[in-house]
Amino acid sequence: EYEPAVMKQKLAQEVAEWNAADPTTPVVPAIDYIAVTAQGSPQSDNTYRLRMPGTEIDKAIALAKEVNGIVILDVQVGLSDLPRELPRLEPYLKQANVHLAIDPEFAMHDGVKPGRVIGTMSSADVNFAINFLDKIAVDNNLPPKVLVVHRFTEDMVTGYRNIKPTENVQVVMDMDGWGFGAKKINTYKRVITLEPVQFTGFKLFYKNDLKPPSDRMLTKKEVLDLQPKPIFIQYQ
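Residues numbered from 1 in each chain as written. Predicted model: local features only at pLDDT ≥ 70, side-chain atom pairs only at ≥ 80, totals over all residues. Heavy atoms only, no water.

A. Highlighting unusual backbone geometry. Looking along the chain, the bond that leaves Pro-212 and enters Pro-213 is cis, with omega of 10 degrees. Relative to the assigned elements, Pro-213 resides in the loop between β9 (199–204) and α6 (220–224). Look at Tyr-48: it is not a glycine, yet its phi comes out positive at around 55 degrees. Within the element layout of this structure, Tyr-48 appears in the loop between β1 (30–38) and β2 (49–51). Overall, the relative accessible area of 8% leaves Tyr-48 in the buried class. Not every positive phi belongs to a glycine, and Asn-68 is a case in point at roughly 55 degrees. Tracing the backbone shows Asn-68 in the loop between α2 (54–66) and β3 (70–75). A relative accessible area of 69% places Asn-68 in the exposed class. (Helix = DSSP H or I, 4+ residues; strand = E, 2+ residues; numbered from the N terminus. Buried < 20%, exposed > 50% of the residue type's maximum accessible area, 1.4 Å probe, protein only.)

B. Quick peek at the pattern of salt bridges. Under the defined criterion, the tally for this structure stands at 16 salt bridges. A salt bridge links Arg-49 to Asp-45; the shortest N-O distance between them is 3.1 Å. On the basis of relative accessible area, Arg-49 is assigned to the buried category, the value being 8%. Owing to a relative accessible area of 38%, Asp-45 belongs among the partly exposed residues under this scheme. With a shortest N-O distance of 3.4 Å, Arg-84 and Asp-81 are connected by a salt bridge. A residue is classified by how much of its surface remains accessible, and Arg-84, at 43% relative accessible area, is partly exposed. (Salt bridge = Lys/Arg side-chain N within 4 Å of Asp/Glu carboxyl O.)

C. Region of interest: the packing of aromatic side chains. Taken as a whole and judged by the stated rule, the model has three aromatic pairs. Geometrically, the ring pair formed by Phe-128 and Phe-132 is stacked, given 6.2 Å between the ring centres and 20 degrees between the ring planes. On the criterion of helical spacing, the pair formed by Phe-128 and Phe-132 is a turn pair, its members being four residues apart in helix α4 (residues 123–139). Look at Phe-128 and you get partly exposed, because its relative accessible area is 31%. Under the relative-accessibility criterion, Phe-132 is labelled buried at 14%. Here the guanidinium or amino end of Lys-211 rests over the ring plane of Trp-178, the centre of that ring lying 4.8 Å away. (Phe/Tyr/Trp six-rings, centres within 6.5 Å; stacked < 30°, edge-to-face > 60°. Lys NZ or Arg CZ within 6 Å of the ring centre and 35° of its normal.)

The values reported here are purely geometric and, on their own, carry no functional implication.
Take a look at the structure:
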């Protein structure tokens with residue numbers, strides 16, 4: 001919602017504050033860009049998703065270079081699927097600083113439109129993304145790729161025990177829910193902590209986390225006190 005200059009200033013401030021809050025874990029800035037967005041209308045192929053043009057993805061990559069950070073390309077498949085959407089992003093994922101996120105909330109089934117119900121992905125979906133990234137990393141001699149999986153309900157990701165990270169792909173389960181602090185912490189403990197995969201993340205919302213009855217965002221110390229400690233922090 002902000003112009004790039006304002007966004008970069010806010011990001012720099014958060015980076016400085018997180019470095020101060022947890023000096024043992026140096027912060028790597030990141031730009032998260034939703035490269036495939038779920039839609040309320042069907043599109044010409046009835047997929048209810050919109051692919052962002054390459055010119056916009058290039059802008060996100062350029063912004064990341066300006067902040068000496070990485071890029072996370074986010075995918076909301078709608079009524080499409082990962083085998084159809086990820087190959088288009090391969091040229092970007094071949095870059096060492098570009099990583100991937102998938103959003104089961106908007107992975108729809110049986111013709112249900114995005115936004116009507118909370119979507120879901122299976123371990124097979126997640127493993128497809130892992131194997132897709134693994135091949136890119138191996139074929140292009142890249143450092144490990146990061147795969148972020150957004151989640152705030154149990155049903156959003158099924159069969160977590162069958163998710164198989166590889167030495168070339170690091171999987172982050174990101175608590176993506178918004179609301180008052182106690183609810184967010186409870187969701188983290190109930191959904192993320194009980195079904196760990198590899199690494200965990202936590203999302204903070206500048207606006208939605210302040211909706212009544214909440215009157216403040218969680219502090220950095222409150223987030224760092226969670227067990228396991230989140231290694232990935234996202235702001236929206």
